[in-house]
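# A closer look at the structure
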Amino acid sequence: MRTATSSGAAIAAAAVTKRYGQRDALRDVSFEAHAGEVVAVIGPNGAGKTTLLSILAGLQPPTSGTVSRTPREVGWVPQHPAVYAKLSVAENLRLFARLERVGDPDAVVARMLEQTGLGARADDELGTLSGGNRQRVNIAVGLLADPPVLALDEPSSSLDPRQRERLWKFIGLLAAAGTAVVFSTHNVGEAERYADRVLVLADGEVLFTGSPADLEALVGGDPRDFEAAFVRFLHDRGH
Amino acid sequence: MRWLLLKDLQILRRSPFLVAVLVAYPVIISVLIGLALSRGPDKPKVAIVNELPAGQTSFSVGSQRLDVTRFAKELFKSVDPVVVDTRAQAIDKVRSGEVLGALVVPPDATRKLQDAINLAGTSPPTVEVLYNADDPIRAQLAESTIKARLADANKALSDKLTELAARYLGILRKGGQFSLLGQKFDVLGLERSKAALERTLRTLPPDSEQARNVRQVIDFAQIAIENLGLSDKVLAAVGQPLAVKRTVIAGHRTPLDAFAVSVSVTISLMFVTVLLASGMLALEREEHAFGRLVRGLVSRLALLGEKVALAATCAFVVTLVMLCGIGIFVHLDWGRFALWLAALAGGAIGFGALGVAIGALAREVRAASLLAFLLTLPIAFLALVPSGTVAVWLYDVIRAVSALFPFRPALQAVDAALNDAEPGLGPTLAHLAALAVAYLALARVALARFR
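Residues numbered from 1 in each chain as written. Chains lettered and ligands numbered in written order. Predicted model: local features only at pLDDT ≥ 70, side-chain atom pairs only at ≥ 80, totals over all residues.

Counting secondary structure elements, chain A contains eight helices and nine strands. Taking the principal axes of the C-alpha coordinates as reference, chain A spans close to 50 × 40 × 35 Å. Buried positions account for 46% of the 239 residues belonging to chain A. Across chain A, the fraction of contacts at a sequence separation of at least 24, relative to all contacts at a separation of at least 6, is 70%. (Helix = DSSP H or I, 4+ residues; strand = E, 2+ residues; numbered from the N terminus. Buried ≥ 20, exposed ≤ 12 C-beta atoms within 10 Å, placed from the backbone. Contact = placed C-beta atoms within 7 Å.)

Below you can see the structure in the form of structure tokens.
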């Protein structure tokens, strides 16, 4: 069930639970993300990060609980570029713009090409692009309908450091323009650097939500090593 | 849905190898089938070894001499004879594959034939047939071809002997001239004998011993005349004891070449549709686009419908071109063109639904293609098993299994459209529609784990 949030959050999940047979992938997860905020979902493998993102994006329904946005209101960027290798950059964008039923598909495609800096490669088949550029197209497709919320599942996992840097710069611009960004990552360093807030999941439960600095302060120790703080935090809670 | 269709057509257009195969396949197949059906088979080459001594090729039946070479012509009607001198040469040619088989006429053939006709109690002449059994199909072809031709030669000889026997029995009955060993005999015949006896009887006292004896001989002559009058029919019955009357109990009789066209078109329709539908659906998952599409952009059922429509449209066009290509070589009833369209469309939709079910279950393009081949080929072969060639219970099982897949009803639909064959277009299209709904439902269920 989906309802609009009354707290002013761009997106809110309330008591979301997801069960696969006897296994709970998510247990009573609640959180909010506000306009212009970047929220990182971090946690060990099997914590339920991708499950949470896919429920926010409407790929699957929760067993119980609510999400405040409909799938059409959330831009979805899966981990692997969900675009067609045999189509050009512009053709991919135009196809999804038409499927999204945006008002003026050609204008939206032109805007996204400019925004992603891929105008010069507009007619190139996607299969010929680098992994970084493909991921930019992947994100651009997620942004075609100008959604208030963007959900990204491990967006930088297949990129080299330079491409990663450009990706985060791009996401930073989106957030600055008012888009609420929720992303999952294994790279806790990225979460520390680029997220305003982190949501720590383990075994389907939310263990922590707050800024990276709050998490470091909670754990104590060397404030320059967020990854060590994160590992210690999980260890202290039996994970 | 039209944007997805356009997208898939664009992807196909940019896959030149796949499109080339899709276009070339029906063209090549239609030309091959057309050529195969429009041209009769070449006569198989058969080596002939004639071991008969020169000048000993004839035998006598009564006053007639018959030459065995006349009956050899029957053998050569449907084989291309390659005359060789020795049995060893014939064996070499069979081994090398130059000839399908070899026929050895032994040196004592005419003598044994003469002995058999003279009722000398000897065995009939034996003609030896040689063929290579390495290839069972080739061996079967050689054996059946030569056997059939020998049967024709035997029948021609038997007809000649029957004709001669009938002529001699006619002379025996009606009288006439008969030659034996260069001498001519005038045969009185039973009818003239009876007439002479009746004239004699009239000169005798009716109650005399001689009159009674002559009357008995006249009665015997009458019985013999009557029975010998039937000799032609009896001999004909001996020459061909069984006559064949063909009655079609069920099903419209379709010529073999017309049925072959139906089979080839249906097989092409099946492969193009199933492979395209399964592959294009699995491609959505491999491109990771499925999740993006079904989160509000397209419903799962619409996505399945789009893949069925894409594959069915492509296969429909391809097989229609193929059918028109075959029509250049083979006589097809163009007046039934509208029915062709209906049959191809029905078959394509049935196969398309099977294709998306395969694609949804396999989830990967390569696995989907493999599964499509593994599933459809045996089903097509099973559907072609004719009744009466296997046990009744097994045929029932095969028919039940075939009914669960679109090949058999699609073949029946195409056959009905092309050849007005039973059970007709209506029931088969209804069957295909039911299967399409069932396979779409299966595909929809399978999509639940399609991530």
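As a further point, take the overall build of chain B. A tally of regular secondary structure across chain B gives 17 helices and eight strands. Across the 451 residues of chain B, 31% fall into the buried class. Across chain B, the fraction of contacts at a sequence separation of at least 24, relative to all contacts at a separation of at least 6, is 76%.

What follows deals with the interface of chain A and chain B. In this complex, chain A contributes 20 residues to the contact, which on the side of chain B involves 15 residues. Considering each element in turn, the side of chain A that touches chain B owes the most residues, four residues, to helix α2 (residues 89–99) of chain A. For the side of chain A that touches chain B, a count of residues per class yields 13 nonpolar, two polar and five charged. (Nonpolar A, V, L, I, M, F, W, Y, C, P; charged D, E, K, R; others polar.)

Our focus in this paragraph is the sheet that holds strand β2 (residues 23–33) of chain A. Residue and element names in this part refer to chain A. Taking strand neighbours across the sheet as the criterion, the three strands line up as β2-β1-β4 in an open arrangement whose pairing is antiparallel. The outermost strands of the open sheet, each flanked by one partner alone, are β2 and β4 (64–67). Direction aside, neighbouring strands of the sheet carry axes that sit 20 degrees apart on average. The pairing of strand β1 (residues 11–20) with β4 spans three bridges and is classified as antiparallel. From the neighbouring strand, A14 faces β4, where its bridge partner is T66. Docked against the sheet, helix α1 (residues 49–56) engages β1, β2 and β4, running at close to 120 degrees with respect to β1. (Pairing = 2+ DSSP bridges. Axes fitted to C-alpha atoms, helices over the stretch in contact; angles between N-to-C directions.)

Further remarks concern the nonpolar core. If you look at soluble globular proteins, the nonpolar side chains tend to sit buried side by side. Residues A:L56, A:A151, A:V182 and B:A315 are the most contacted members of the largest nonpolar core, which totals 147 residues. For A:V182, the contacting residues outside a window of four places in its chain are A:A33, A:V39, A:V41, A:L53, A:L56, A:V149 and A:A151. Judged by nonpolar contacts, the second largest core, of 19 residues, contains B:V79, B:V99, B:L130 and B:Y131. (Core = buried A, V, L, I, M, F, W, Y, C linked by C-beta atoms within 7 Å.)

Our focus in this paragraph is unusual backbone geometry. Along the chain, B:E422 connects to B:P423 via a cis peptide bond; the corresponding omega equals 5 degrees. With respect to the helices and strands, B:P423 occurs in the loop between α16 (407–419) and α17 (425–446). For A:D146, which is not a glycine, the phi torsion comes out positive at approximately 55 degrees. The partly exposed category is assigned to A:D146, around which 13 C-beta atoms lie within 10 Å. Phi at A:D203 is positive, roughly 50 degrees, even though this residue is not glycine. Within the element layout of this structure, A:D203 appears in the loop between β8 (197–202) and β9 (205–210).

All names here are of chain A. Interaxial distance between α2 and helix α3 (residues 105–116) falls to 9 Å at its minimum, and their mutual angle equals 130 degrees. Here α2 lies oblique to α3, going by the angle between them. Classified by chirality, the crossing of α3 by α2 is right-handed. Residues A90, L93, R94, A97 and R98 of α2 lie in contact with α3, whose contacting residues are P105, V108, V109, M112 and L113. Classifying every residue of the contact of α2 with α3 gives eight nonpolar, no polar and two charged. (Parallel < 35°, antiparallel > 145°, perpendicular 65-115°, else oblique. Left-handed = near helix turned anticlockwise from the far one by under 90°.)

The next subject is the confidence of the model for chain B. Chain-level pLDDT for chain B is 83 on average; 87% of the residues reach the 70-or-more range. Reported confidences for the modelled complex are a pTM of 0.72 and an ipTM of 0.82. (pLDDT = per-residue confidence, 0-100.)

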